[in-house]
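Chain by chain, the residues run as shown.
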Amino acid sequence: FSADLPVFRANATPAGSAAVGFTNNGMLFIPSDLSPMGGATNFSLALVFRSLASGTGAGLQWFAQTGIVDADLAGAHHTDWGLSLDSNGVLNFGVGAPDYTFPGGSYAVADAEWHVAVVSCEATSQELRIHVDDLPAAVSRGSISRAAREVSNIVLGGSQNAARYFVGDIAE
């Protein structure tokens, strides 16, 4: 799927965990039939990562930013989702139907340091949350679909359209 494959890094984190390193045009692909998110209404995603560069597109929808974990489906009216990095180095979490992107406060993470992020979508209460490290959670209420997430491919380290790549490491 990618011309510049991600690289396995043993003992990459300060705790000695392995990580996958992503460069300017490498990403991993999880096919839709293996996606654990299809049909979910409430879900969480946790990851340990470090970003070596800022993303693209501050103030834009997540699917127009640099993808970290992306399950975007092309076109309008899809219950898709994604976690992205904007040009200010801030995490953004978005869902579709209608498209809504929530910037994760002022917590810039494009600093080459390891971070723990947990994002959650509580469709029943129409709430998105972004937790970064031990900082208070950024919370947004309203404007999200209560419908189940559609089954889609998941891309790690980039965007579905292969135009915006994450530069950094994902450990867990």
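About the criteria used
- As a convention, each chain's residues are numbered from 1 in the sequence order in which they are written.
- Thresholds applied to this predicted model are a pLDDT of at least 70 for local features of residues and 80 or more for the giving and counting of side-chain atom pairs; totals over whole chains, interfaces and linings are not thresholded and use all residues.
- The side-chain values count all of the structure's non-hydrogen atoms but skip hydrogen atoms and water molecules.
- Strands are runs of DSSP state E lasting at least 2 residues, helices are runs of H or I lasting at least 4, and numbering of each runs from the N terminus.
- Residues count as neighbours in contact if any of their non-hydrogen atoms are within 4.5 Å of one another.
- The nonpolar core is taken to be a set of buried Ala, Val, Leu, Ile, Met, Phe, Trp, Tyr and Cys residues, with the residues joined through side-chain atoms within 4.5 Å.
- Burial classes: relative accessible area under 20% of the type maximum marks a residue as buried, over 50% as exposed, and values in between as partly exposed (1.4 Å probe, protein chains only).
- Think of it this way: Lys and Arg go in the positive column, Asp and Glu in the negative one, and His and the chain ends go nowhere.
- Note on definitions: salt bridges are taken to be side-chain nitrogens of Lys or Arg within 4 Å of carboxyl oxygens of Asp or Glu.
- Polar contacts here mean pairs of N or O atoms no more than 3.5 Å apart (in protein, one a potential hydrogen donor and the other a potential acceptor; neighbouring residues in sequence count only if both atoms are side-chain atoms).

Hey, could you run me through the environment of V167 in this one?
Tracing the backbone shows V167 in the loop between strand 12 (154–156) and strand 13 (168–170). In this structure, the C-alpha to C-alpha distance between V167 and M27, residues 140 residues apart in sequence, is 9.8 Å. In contact with V167, other than residues within four places in its own chain, are F22, T23, N24, R50, S51, L52 and A53.

Looking at this model, I keep getting lost on unusual backbone geometry. Mind explaining?
Phi is mostly negative for residues that are not glycine, and the peptide bonds are mostly trans. Here the residue pair A97 and P98 is connected by a cis peptide bond, since its omega of 0° sits within 30 degrees of zero. Looking at the secondary structure, you find P98 in the loop between strand 7 (90–95) and strand 8 (100–108). Not every positive phi belongs to a glycine, and N11 is a case in point at roughly 50°. Within the secondary structure, N11 is located in the loop between strand 1 (7–9) and strand 2 (19–22). We note that A112 has phi near 65°; this positive angle belongs to a residue other than glycine.

When you look at the nonpolar core in this model, what are you seeing that I'm missing?
The nonpolar side chains of soluble globular proteins are, as a tendency, buried together. L47, F49, I68, W81, L83, L91 and F93 are the most contacted members of the largest nonpolar core, which totals 30 residues. Only strand 4 (42–51), strand 5 (66–71), strand 6 (81–85), strand 7, strand 8, strand 9 (115–122) and strand 10 (127–132) provide two or more residues apiece to this core. Broken down by element, the residue count for this core peaks at four residues, all from strand 4.

I would appreciate a short explanation of the side chain of D86 in the present structure.
Locating D86 in the fold gives a position in the loop between strand 6 and strand 7. Here D86 occupies a buried position and makes no salt bridge, while the nearest side chain of opposite charge, R164, is found at 12 Å. For D86, the side chain forms a polar contact with the main-chain nitrogen of N88, separated by 2.8 Å. Polar side-chain contacts of D86 include one of 3.0 Å to the backbone nitrogen of V90. Here D86 is in contact with S54, G55, T56, G57, A58, Q65 and N92, once residues within four sequence places are set aside.

Scope: geometric values only; no functional claims are made or implied.
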